[in-house]
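Understanding the architecture of this molecule
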Amino acid sequence: MKVHVFLGEFKTRKDATSYTESYWEPEPDESVSDRDYEIWENSNPKWKMKSDLNCYLDGDFIETITEGNKFEYLCGMIQNPESIKHLKTELNKKVLVLIFEKGINSQKSKLKSTEVLEYIGVFESTLK
């Protein structure tokens, strides 16, 4: 299995996960019309990273790592840790976002950097 690696700068874990995970806007109260409720349903969930990457994403295959030894974690996640040794210092200061190939439509998707995430590349994972 392959894993796509991104790095980003966020002030807090909540800021990071607000970008990397889907969320629902508050549900309208009972007084709204059926049409307004339908509009709300159709516009949710919101997901900034998905919008920015402009591809199918399944949140079950995405990890947002904000704490701990992110470099050691990433080294254990990919088959060739030598290929990421240059990231050791950078990982101390940044959030690590992993998107496993099962979480995207890899036949149609070309992942890239966004305004807030730097795309590092795709690597063979130690996971099967």
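Here is what the cut-offs are and how they apply
- Residues numbered from 1 in each chain as written.
- Predicted model: local features only at pLDDT ≥ 70, side-chain atom pairs only at ≥ 80, totals over all residues.
- Heavy atoms only, no water.
- Helix = DSSP H or I, 4+ residues; strand = E, 2+ residues; numbered from the N terminus.
- Polar contact = N/O pair within 3.5 Å; in protein donor to acceptor, adjacent residues only side chain to side chain.
- Buried < 20%, exposed > 50% of the residue type's maximum accessible area, 1.4 Å probe, protein only.
- Pairing = 2+ DSSP bridges.
- Axes fitted to C-alpha atoms, helices over the stretch in contact; angles between N-to-C directions.
- Contact = heavy atoms within 4.5 Å.

It is worth spelling out the side chain of Thr20 at this point. On the secondary structure map, Thr20 appears in helix α1 (residues 13-20). Reaching out from Thr20, the side chain makes a polar contact with the side chain of Thr64 at a distance of 2.6 Å.

Time to look at the pairing of strand β1 (residues 2-8). Judged by how many residues are buried, β1 sits mostly within the fold: 6 of 7 residues are covered. Sheet analysis places β1 next to strand β4 (residues 117-124), joined by 7 bridges and oriented antiparallel. Residue pairing for β4: Gly8 is matched across the bridge by Leu117. Strand direction decides the pairing type here: β1 and strand β3 (residues 95-100), joined by 6 bridges, are antiparallel.

Moving on, we get to the sheet that holds strand β2 (residues 62-65). Strand order in the open sheet formed by 4 strands is β2-β3-β1-β4, and the pairing between neighbours is antiparallel. In this open sheet, the two strands that pair with only one neighbour each are β2 and β4. Strand-to-strand twist of the sheet, defined as the mean angle between neighbouring strand axes without regard to direction, takes the value 20 degrees. With 4 bridges connecting them, β2 and β3 associate as antiparallel partners. The residue of β3 that forms the bridge with Ile65 is Leu96. Sitting on the sheet, α1 is in contact with β2, β3 and β4, with an inclination near 160 degrees to β2.

This part takes up unusual backbone geometry. Cis geometry is found at the peptide bond from Asn44 to Pro45, where omega equals 0 degrees. Looking at the element boundaries, Pro45 is found in the loop between α2 (34-42) and α3 (48-53). Phi at Asn54 takes a positive value of approximately 55 degrees, unusual for a residue other than glycine. As for its placement among the helices and strands, Asn54 is situated in the loop between α3 and β2. Relative accessible area serves as the criterion here: at 66%, Asn54 is assigned to the exposed category.

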